[in-house]
Amino acid sequence: AAMSMKTDTADTFEEESMMKVVGFGMSRAAADDVYSQAKISPSDIDVLELHDCFSANELITYEALKLCPEGGAEKFVESGGNDYG
């Protein structure tokens, strides 16, 4: 088991990236930290509960958590990589 909490860094706003502004960087940093602590990789995860009140952020979070490659959230969803319940 592992846990991590991150916050925005200065580069969130310096790179003029909307992906970073909505949390991609801090989500990616937290995911990397947790994977390292737990000594696992994204492919070791069978079930993950994810909540985001905006559908676009959910897609970005799939990529930030490395559940699919960057730019691959659409294919991840279309292939049935996620489910809703």
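The residue count restarts for each chain, going from 1 along the sequence in the order it is written. Two thresholds apply to this predicted model, a pLDDT of at least 70 for residue-level local features and 80 or more for giving and counting side-chain atom pairs, whereas whole-chain, interface and lining totals are computed over all residues. No hydrogens and no water enter the side-chain calculation; it runs on all heavy atoms of the structure.

Trainee: Help me understand helix α3 (residues 24–38), please; the structure alone is not making it clear to me.
Mentor: Given 3.6 residues per helical turn, the α-helix brings residues three or four places apart onto the same face. By definition, any uninterrupted DSSP run of H or I lasting at least four residues is a helix, any uninterrupted run of E lasting at least two residues is a strand, and each is numbered from the N terminus. Take the residue count of a helix, subtract one, and multiply by 1.5 Å to get its expected span. The end-to-end C-alpha distance of α3 is 21 Å, a good match for the 21 Å that 15 residues give at a rise of 1.5 Å each. Of the positions making up α3, those classed as buried are F24, R28, A30, A31 and Y35. Here the buried residues of α3 occupy an arc of 165° about the axis, which is enough to place them on one side. For α3, the elements touching its buried residues are α2 (18–21) and α4 (55–64). Looking one or two residues past α3, K39 carries a phi angle of roughly 55°, positive in sign. Burial classes follow relative accessibility: with a 1.4 Å probe on protein chains only, a residue under 20% of its type's maximum area counts as buried, one over 50% as exposed, and anything between as partly exposed. An arc is given here, and it is the one of the directions from the helix axis to the C-beta atoms. In what follows, residue pairs with any heavy atoms lying within 4.5 Å of each other are defined as contacts.

Trainee: How should the packing of α3 against α4 be read in this particular structure?
Mentor: Orientation is described by axes fitted as lines to C-alpha atoms, over the contacting stretch for helices, and by angles from 0 to 180 degrees between their N-to-C directions. Close contact between α3 and α4 brings their axes to 9 Å; oriented N to C, the two are set at 40°. Remark: the crossing between α3 and α4 carries right-handed chirality. Of α4, the residues touching α3 (which contributes F24, S27, R28 and A31) are I60, E63 and A64. Under the scheme applied here, ten amino acids are nonpolar (Ala, Val, Leu, Ile, Met, Phe, Trp, Tyr, Cys and Pro), four are charged (Asp, Glu, Lys and Arg), and all others, including Gly, are polar. Of the residues contributing to the contact of α3 with α4, the split by class is 4 nonpolar, 1 polar and 2 charged. Crossing handedness is defined as follows: a turn of the near helix away from the far one that is anticlockwise and smaller than a right angle gives a left-handed crossing, while the clockwise case is right-handed.

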